[in-house]
Amino acid sequence: THESQIWKRAVDSLWVDADLNVSVPPYLPDTEVGRQDMRQMFSNIKQMDAQVGEILTDLEEDGLLEKTIIFWYSDHGGPLPRQKRLLYDSGIKVPMIIRFPHEEHKLTRNNDLISFIDLAPTVLSLAGVTPPSHMDGKAFLGPFKRWVPAEYVFAAGDRFDEKSDRNRAVRDKRYKLIQYLMPEKSMFLHVNYRDQMPVMQELHRLREASELTPAQALWFRETKPEFEFFDTQTDPHEIHNLIDDPAYADKVAELKKALERWHKDV
């Protein structure tokens, strides 16, 4: 499901219907090119699922399935443009499934805010090893669980292939604040590798033809605001920046303070 497989598998047979009716996020073009890359993404996910199924079968045949805790997660959000490399939820919100032996915790969901730094101490805890005190993050499972539900999660973005920037974000369960420490740089950073993706080429075409929708054009701003603030419940695609809305002044101030504390601590 790596982004490269959007274009590298473009000539392969899809694992989904070739005319599958897909929902395209508003920041991507709802054209046949855009829809086809969405289908390719879903096809790649189905192939990945099949590969995971083979691993589960191997574990079962070796008598290890019910002796193994299995973590499945991605390393970032989606592979499409305005997803990977950015601090919107489409870039930093990752799926995660944990399978325990003998169907323990089956069909339960944990809605806590968890970060990647929490995974290493959690795995040590599940293995019966006390996580060292200097380790970042906290164990959220196992006998050495030290979990207190986090009020916020934080994110950072600095290098993007051959480009660099300095972006920071803080999120609670509903609201997201993004700080752009180099607002003079354009929002869109050109990445040659990503240009191989058909939907990225489609965005370039629409931009040159001045045919981008307002939601699509947001990514191509020549400069960035110092802050963006989103209600991810009512605006899951993070299109409407509410930073100047007085109704959210208290929440903006709260998240700014949290981000400032994180800057100083980290």
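Further up the page is the structure itself.
Nothing here was measured: the structure is a model prediction, and the numbers come from that model.

In this section: the overall build of the protein chain. Along the protein chain, the regular secondary structure elements total seven helices and six strands. Here the C-alpha coordinates of the protein chain stretch approximately 60 × 50 × 35 Å along the principal axes. Split into buried and exposed, the 266 residues of the protein chain put 41% on the buried side. Counting contacts in the protein chain only where the partners sit at least 6 residues apart, residues at least 24 apart contribute 61% of the total. Accessible surface, the protein chain as shown: approximately 15,200 Å² in total, 52% of it carbon and sulfur. Taking the 35 positively charged and 44 negatively charged side chains of the protein chain as two groups, their mean positions are separated by 4 Å.

Moving on to the nonpolar core. Of all hydrophobic cores here, the largest spans 27 residues; its most connected members are Leu80 and Trp219. Mapped onto this core, the elements with two or more residues apiece are helix H1 (4-8), helix H2 (32-61), strand S5 (175-180) and helix H5 (198-208). For this core, the leading source of residues is H5, giving four residues. Counting 13 residues, the second largest nonpolar core, distinct from the first, contains Tyr152, Leu255, Leu259 and Trp262.

Per the stated rule, a full pass over the model turns up two cavities of 30 Å³ or more. What the largest cavity holds in volume is close to 120 Å³. Of the residues assigned to the lining of the largest cavity, the class counts are eight nonpolar, one polar and four charged. Within this model, the second largest cavity holds a volume of roughly 50 Å³. Those elements that place two or more of their residues in the lining of the second largest cavity are strand S3 (153-160) and S5.

Before going further, it helps to examine the layout of surface pockets. When its volume is computed, the second largest pocket comes out at roughly 870 Å³. What lines the second largest pocket is a set of 33 residues, among which Gly77, Gly78, Gln83, Ser90 and Lys93 lie closest to the centre. Elements supplying a minimum of two residues to the lining of the second largest pocket: H2, strand S1 (70-73) and helix H3 (89-92). At five residues, the largest contribution of residues to the lining of the second largest pocket is made by H2. Here the lining of the second largest pocket is composed, by residue class, of 15 nonpolar, 12 polar and six charged.

Once that is clear, we can look at unusual backbone geometry. Residues other than glycine seldom take positive phi values, yet Leu107 does so here, at roughly 65°. For Ser210, which is not glycine, the phi torsion reads 55° and is therefore positive. Its location among the elements puts Ser210 in the loop between H5 and helix H6 (214-217). Taking relative accessible area as the criterion, Ser210 reaches 66% and is therefore assigned exposed.

Scanning the model with the defined rule gives 22 salt bridges in all. Across the pair Lys251 and Glu254 runs a salt bridge whose closest N-O atoms are separated by 3.2 Å. With Lys251 and Glu254 both in helix H7 (residues 249-265) and three residues apart, the pair spans about one turn of that helix. With relative accessibility at 19%, the residue Lys251 sits in the buried group. For the salt bridge of Lys264 with Glu260, the shortest nitrogen-to-oxygen distance reads 3.5 Å. Taken together, the positions of Lys264 and Glu260, both in helix H7 and four residues apart, correspond to about one turn of that helix. The exposure class of Lys264 is exposed, given its relative accessible area of 66%. Among the charged side chains, a network of salt bridges with common partners joins Glu3, Lys84, Arg85 and Asp161.

Conventions and cut-offs
Residues numbered from 1 in each chain as written. Predicted model: local features only at pLDDT ≥ 70, side-chain atom pairs only at ≥ 80, totals over all residues. Heavy atoms only, no water. Helix = DSSP H or I, 4+ residues; strand = E, 2+ residues; numbered from the N terminus. Buried < 20%, exposed > 50% of the residue type's maximum accessible area, 1.4 Å probe, protein only. Contact = heavy atoms within 4.5 Å. Areas by Shrake-Rupley, 256 points an atom, 1.4 Å probe, with all protein chains shown as cover. Lys, Arg positive; Asp, Glu negative; His and termini not counted. Charge placed at Lys NZ, Arg CZ, Asp CG, Glu CD. Core = buried A, V, L, I, M, F, W, Y, C linked by side-chain atoms within 4.5 Å. 1 Å grid on protein atoms, 1.4 Å probe; cavity = no way out; pocket = protein on both sides within 12 Å on 5 of 7 lines; lining within 4 Å. Points joined across faces, edges and corners; volume = space filled by probe spheres on them. Nonpolar A, V, L, I, M, F, W, Y, C, P; charged D, E, K, R; others polar. Salt bridge = Lys/Arg side-chain N within 4 Å of Asp/Glu carboxyl O.

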